[in-house]
Amino acid sequence: MDDKSLLTVNVVTPDGVVYDNTTDLAVCKTTLGEVGIMPNRVPLLASLAIDEVRVKTGEDSFDEIAVSGG
């Protein structure tokens with residue numbers, strides 16, 4: 001069994017969940033710049049910019065989810 005820590009990434013709209021996955025890296029753009037989020041790091045609270053959230057799904061692959069703030 002893999003003991004690697006993972007993040008759960010959910011993108012939710014008023015209509016419900018549009019994305020749900022686990023990863024070891026999510027990259028998003030905040031109103032102050034780009035940030036990479038990893039499991040078991042310092043908690044973060046930031047406003048998202050209108051951009052995309054990139055969620056690592058493999059060694060060199062990412063899911064790209066468009067967001068309009070949050």
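Note that the structure is a prediction, hence the values are computed from the model and not measured.

Peer 1: Help me get a handle on the sheet that holds strand 4 (residues 33-37), residues and values and all.
Peer 2: One open sheet accounts for 4 strands, arranged 4-3-5-6; its pairing is antiparallel. Because the sheet does not close on itself, it has two edges, and the strands there are strand 4 and strand 6 (62-68). Looking at each pair of strands side by side, their axes are set apart by 20 degrees on average, direction ignored. Where strand 3 (residues 26-30) meets strand 4, 5 bridges bridge the pair, whose relative direction is antiparallel. Considered in strand 4, the bridge of Val 27 is made with Gly 36.

Peer 1: Residue-level account of the nonpolar core, with values.
Peer 2: Among the nonpolar cores identified, the biggest contains 9 residues, and these are Val 9, Val 11, Tyr 19, Ala 26, Cys 28, Val 53, Val 55, Ile 65 and Val 67. For this core, the secondary-structure elements that each account for two or more residues are strand 1 (7-13), strand 3, strand 5 (50-56) and strand 6. Ignoring any residue separated from it by four or fewer positions in sequence, one finds Ala 26 in contact with Leu 7, Val 9, Val 35, Gly 36, Ile 37 and Arg 54.

Peer 1: So what's going on with the environment of Ala 49? Residues and values would help.
Peer 2: Note that Ala 49 resides in the loop between strand 4 and strand 5. Judged by relative accessible area, which is 16%, Ala 49 ranks as buried. C-alpha separation for the pair Ala 49 and Gly 33, spaced 16 residues apart in sequence, amounts to 8.6 Å. Here Ala 49 is in contact with Lys 29, Thr 30, Thr 31, Val 67 and Gly 69, once residues within four sequence places are set aside.

Peer 1: Can you explain the pattern of salt bridges? Please cite residues and give values.
Peer 2: One pass over the full model with this rule turns up 3 salt bridges. We note a salt bridge from Lys 4 to Asp 24, for which the minimum N-O separation is 2.8 Å. Here Lys 4, found in the segment before strand 1, pairs with Asp 24, found in the loop between strand 2 (16-23) and strand 3; they are 20 residues apart in sequence, far enough to count as distant. Put simply, Glu 52 and Arg 54 hold a salt bridge, and the shortest N to O gap is 3.9 Å. On the basis of relative accessible area, Glu 52 is assigned to the partly exposed category, the value being 26%.

Calculation notes
- Within any chain, residue numbers begin from 1 and follow the written order of that chain's sequence.
- For this predicted model, a pLDDT threshold of at least 70 governs which residues receive local features, and a threshold of 80 or more governs which side-chain atom pairs are given and counted, while totals over whole chains, interfaces and linings are taken from all residues.
- In computing side-chain properties, one takes all heavy atoms of the structure into account and sets aside hydrogens as well as water.
- Two strands make a pair as long as DSSP finds a minimum of two bridges between them.
- Comment: elements are numbered from the N terminus, with helices defined as DSSP H or I runs of at least four residues and strands as E runs of at least two.
- For helices, the fitted axis covers only the stretch in contact; all axes are lines through C-alpha atoms, and the angles between them, taken along N-to-C directions, range from 0 to 180 degrees.
- In these notes, a set of buried Ala, Val, Leu, Ile, Met, Phe, Trp, Tyr and Cys residues joined through side-chain atoms within 4.5 Å is what counts as a nonpolar core.
- The rule is simple: take the accessible area with a 1.4 Å probe, protein chains only, and divide by the maximum for that residue type; under 20% is buried, over 50% is exposed, in between is partly exposed.
- Every residue pair with non-hydrogen atoms within 4.5 Å of one another is taken to be in contact.
- The salt bridge criterion pairs a side-chain nitrogen of Lys or Arg with a carboxyl oxygen of Asp or Glu, the two atoms within 4 Å.

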